[in-house]
Number of protein chains: 2
Amino acid sequence: MSVQQTTRPLGTEPPLPGRRLEITEPFQLDSGVDLAPFTIAYQTYGRLNADRSNAVLVCHALTGDQYVVDPHPLTGQPGWWSKLAGPGKVLDTDRYFLICANVLGGCMGTSGPKDVNPATGETWGLSFPVITIGDMVRAQKLLIDHLGIETLFCVIGGSMGGMQVLQWAASFPERVFAAVPIASTARHSAQNIAFHEVGRQAIMADPEWCAGAYLESDRRPARGLAVARMAAHITYLSERALHRKFGRNLQNRQAVTYGFDADFQVESYLRHQGITFVDRFDANSYLYITRACDYFDLAAEHGGILANAFRGSKTRFCIISFTSDWLYPTSENRAVVHALNAAAANVSFVEIETDKGHDAFLLEEPEFFATLRGFLAGCAEHRGLAFA
Amino acid sequence: MSVQQTTRPLGTEPPLPGRRLEITEPFQLDSGVDLAPFTIAYQTYGRLNADRSNAVLVCHALTGDQYVVDPHPLTGQPGWWSKLAGPGKVLDTDRYFLICANVLGGCMGTSGPKDVNPATGETWGLSFPVITIGDMVRAQKLLIDHLGIETLFCVIGGSMGGMQVLQWAASFPERVFAAVPIASTARHSAQNIAFHEVGRQAIMADPEWCAGAYLESDRRPARGLAVARMAAHITYLSERALHRKFGRNLQNRQAVTYGFDADFQVESYLRHQGITFVDRFDANSYLYITRACDYFDLAAEHGGILANAFRGSKTRFCIISFTSDWLYPTSENRAVVHALNAAAANVSFVEIETDKGHDAFLLEEPEFFATLRGFLAGCAEHRGLAFA
């Protein structure tokens, strides 16, 4: 009747393909903690040109990962941005060198709570230090330095990925030629924090969470994590999209059952979202990454004035929002535009008309793709990127 | 770190004050099940006049109860509509005879899953039949018949209470002189169902739920119910109200703790909402009553045409919505108005400007109160209710 435990036995995850960078120098986090050594797992697509001027850093969202183009190694699903990125696509891997790293605190190869703390030989769990969006970005900068890239042609990402884009532009303006934060925000609102807190409480309420030490006892808070995912998933869709996709349609039945089965398609869909998520995501990583989002407040780092984060910036910005996105609505994106205007930055802003809600940034949206294609072409010209 | 178990020991709830009606005749539910015997717990305020023409039936919302004016017997909090109802107030108990019954399936005295099934001597739990908004209303009609009231002067309620108002007007139009559904809807949307399903899954994911049989083993799924309440509570408030009340303010600290405590006031507030709720509400009742809402689709009972629910009605309707209510937004309330217009019914419609979200119907909203006062005064005049 309720969400069932995941089907994959524990410890049977396949090895994660891709590249690794081991960081051994102490890395100071915003919390003051030194993290070292740690690993950054990343993927690249396309080729870095001789000038090292065609690199595009893709920043992934809350539950995303470095598998932008190639299939997800655990689920086999196509890369999360494979509609947008690949040979001949908007993020054209025949032209650009795409880089995407799993975020610090994640569960897809970059060090996070599910990994072993080299200092103790034990799983980090809740002893992993709490990280911030700023920490994620500074870890990515170590990777970019390692790859010998002086200036990124573009830093791009949606949702939490967009927060990283803004942080990159604010922290390392000289390293970012163009910045594209999509469906994002410069600070987490009270409602954003509230939804994240519900998800965290759902995980912590699961006795299988074991105060964070579930891996040591070979358990997993699958039910709590599934509930967290279900609650979050509603915020990724618009009311209208839910109505269009599901309405009050019944699931494989002609009439309601007067029971608590998934009578409605929307219930069945949500349960599926919860169940499949737990097969690919670590519950403690969910706690850490949601926390990083909640802590994000770019203006607070600059005396409470967001424009100060971008003063003197030469970066070309393209801010994109979606009309039906109520998680990071146009108003939040527009606040970033206003700050950029106040800082006399080079900024374009496009609000895309769609009923698909926040998730639109992951979907085939012709106007969104066309906007991005045009912006990148203009930037490439200014950057002197000549394509055959 | 997570929501703690309730503090009141099990089985120590004080007896619930108020009136009871025992129904012994078989009562056929929409599911086809006969429920008998069962109890209706209700409260009345004010005096029924000699003509029996001044009765106002108040229908409560999802987690409401019959304690409209007097303090809640478990929490000691003021009656949930005591701002609106009482001597000299908008719902003036010096003029009107107020009646409010706990809904069927509830946990405040009317028969529900936490009660003993007289046929078996055992707690109902999940063997309690699934009920509908229609069942709730027909049970209330038994009470109104018992009280010897031919025509209710007014049936009024917000949220799920408003659904009952619409069902009353559709099922028993000749018994309803005036009807006031507030911040409500004629059918539960896909998003409404989705949020309810998250709540139900949170409860069912709690091992203390024991497949619904927790009372027999002296347990309670307090954590799951608290998570359900937290998720629901966000939907009762607007993004703007959350920002105004909490913003990103920290809770009793100067800086974030880089941990998972309730750093932000909004987190602390939500946790409090969850913890206090479990002291006054039964988890299985939450499953049953949310299910009744999800099943609600008044048009479906009338060939898919909502106007048909109201054809020939002489009832005077006043539909009230709130601008910042995103749970049952103005568009849903307006759909009811359009159906009433199509049925040539007598209808007023007012959208109240407020940032307080869905919960506005429970709060001091001067324009809302003035609208209601005016509407009731006009109806009283037409009804020939002469007040000293």
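Predicted model, so just to flag it, every value in this text is computed and none were measured. (Residues numbered from 1 in each chain as written. Chains lettered and ligands numbered in written order. Predicted model: local features only at pLDDT ≥ 70, side-chain atom pairs only at ≥ 80, totals over all residues.)

Chemist: Go over the confidence of the model for chain A with me, naming the residues and quoting the values.
Modeler: Residue and element names in this part refer to chain A. On average, residues of chain A score 95 in pLDDT, and 96% of them are at 70 or above. Predicted confidence is poor over residues 1-7, with pLDDT under 50, and the contacts of this stretch with residues over four places away or in other chains come to 20 contacts. In the predicted complex, the global pTM is 0.95; the interface-specific ipTM is 0.94. (pLDDT = per-residue confidence, 0-100. Contact = placed C-beta atoms within 7 Å.)

Chemist: Which residues make up the pairing of strand E5 (residues 55-59) of chain A, and what values go with them?
Modeler: All names here are of chain A. E5 sits mainly inside the fold: five of its five residues count as buried. In E5, alternate side chains face the same way, and those of Ala55, Leu57 and Cys59 on one face and Val56 and Val58 on the other are all buried. Across four bridges, the pairing between E5 and strand E8 (residues 97-101) is parallel. Residue pairing in the sheet places Leu57 in a bridge with Ile99 of E8. Pairing of E5 with strand E11 (residues 152-158) involves four bridges; the strand directions are parallel. Directly across from Val58, in E11, lies its bridge partner Ile156. (Buried ≥ 20, exposed ≤ 12 C-beta atoms within 10 Å, placed from the backbone. Helix = DSSP H or I, 4+ residues; strand = E, 2+ residues; numbered from the N terminus. Pairing = 2+ DSSP bridges.)

Chemist: Explain the relation of the copies chain B and chain A to me, and be specific about the residues and the numbers.
Modeler: Comparison of the two chain copies shows a relationship of rotation about an axis with a shift along it. Between chain B and chain A, the superposition needs a rotation of 180° and an axial shift of 0.0 Å, giving an RMSD of 0.0 Å. Those values place the two copies in the arrangement expected of a two-fold rotation axis. (Least-squares fit on C-alpha atoms with pLDDT ≥ 70 in both.)

Chemist: Any details on the domain arrangement of chain A? Residues and values, ideally.
Modeler: All names here are of chain A. Domain boundaries assigned for chain A yield domain 1 (19-188 + 303-383) and domain 2 (192-291). Centre-to-centre, using C-alpha coordinates, domain 1 lies 26 Å away from domain 2. Counting from both sides, the interface comprises 27 residues of domain 1 and, opposite them, 23 residues of domain 2. For the side of domain 1 that touches domain 2, the per-class residue count stands at 11 nonpolar, 12 polar and four charged. (Domains from an automatic or database assignment. Nonpolar A, V, L, I, M, F, W, Y, C, P; charged D, E, K, R; others polar.)

Chemist: Outline the environment of Thr257 of chain A, listing residues and values.
Modeler: Among the structural elements, Thr257 of chain A can be located in the loop between helix H5 (239-245) and helix H6 (265-277). Along the chain, Thr257 of chain A and Arg95 of chain A lie 162 residues apart, while their C-alpha atoms are 55 Å from each other.

Chemist: Tell me about the environment of Arg200 of chain A, and name the residues and values.
Modeler: Topologically, Arg200 of chain A is positioned in helix H3 (residues 190-205). The class for Arg200 of chain A is buried, based on 23 C-beta atoms found within 10 Å. With 111 residues separating them in the primary sequence, Arg200 of chain A and Lys89 of chain A have C-alpha atoms 37 Å apart. Those residues in contact with Arg200 of chain A that lie beyond four places of it in its chain are Leu287 and Thr290 of chain A together with Phe260 of chain B.

Chemist: With reference to specific residues and values, describe the sheet that holds strand E12 (residues 176-182) of chain A.
Modeler: Residue and element names in this part refer to chain A. If you walk across this open sheet you meet the eight strands as E1-E4-E8-E5-E11-E12-E13-E14, and the pairing is mixed. Two strands close off the open sheet at either side, each with one partner strand: strand E1 (19-23) and strand E14 (346-352). Within this sheet the neighbouring strands show an average axis-to-axis angle of 20°, counted without direction. Its contacts with the sheet put helix H1 (residues 133-146) on E1, strand E4 (38-45), E5, E8 and E11, and the angle it makes with E4 is roughly 60°. (Axes fitted to C-alpha atoms, helices over the stretch in contact; angles between N-to-C directions.)

Chemist: Please set out the nonpolar core residue by residue, giving values where relevant.
Modeler: If you look at the biggest cluster of nonpolar residues, it comprises 254 residues, and the most contacted ones within it are Val56, Leu98 and Ala231 of chain A together with Val56, Leu98, Val180 and Ala231 of chain B. With residues up to four places along the chain from it excluded, the contact list for Val56 of chain A reads Leu91, Tyr96, Phe97, Leu98, Phe153, Cys154 and Ile156 of chain A. (Core = buried A, V, L, I, M, F, W, Y, C linked by C-beta atoms within 7 Å.)

Chemist: Explain helix H4 (residues 222-236) of chain A to me, using residue names and the numbers behind them.
Modeler: For H4 of chain A, which comprises 15 residues, the first-to-last C-alpha distance of 21 Å matches the rise-based estimate of 21 Å (1.5 Å per residue) to within 8%. When you tally the buried positions in H4 of chain A, you get 14 out of 15 residues, the bulk of the element. (Expected span 1.5 Å × (residues − 1).)

Chemist: Kindly report on the interface of chain B and chain A, identifying the contributing residues and their values.
Modeler: Across the boundary between the two partners, chain B contributes 46 residues, which contact 46 residues of chain A. It is helix H3 (residues 190-204) of chain B that provides the largest number of residues to the side of chain B that touches chain A, a total of 11 residues. Here the side of chain B that touches chain A is composed, by residue class, of 26 nonpolar, nine polar and 11 charged.

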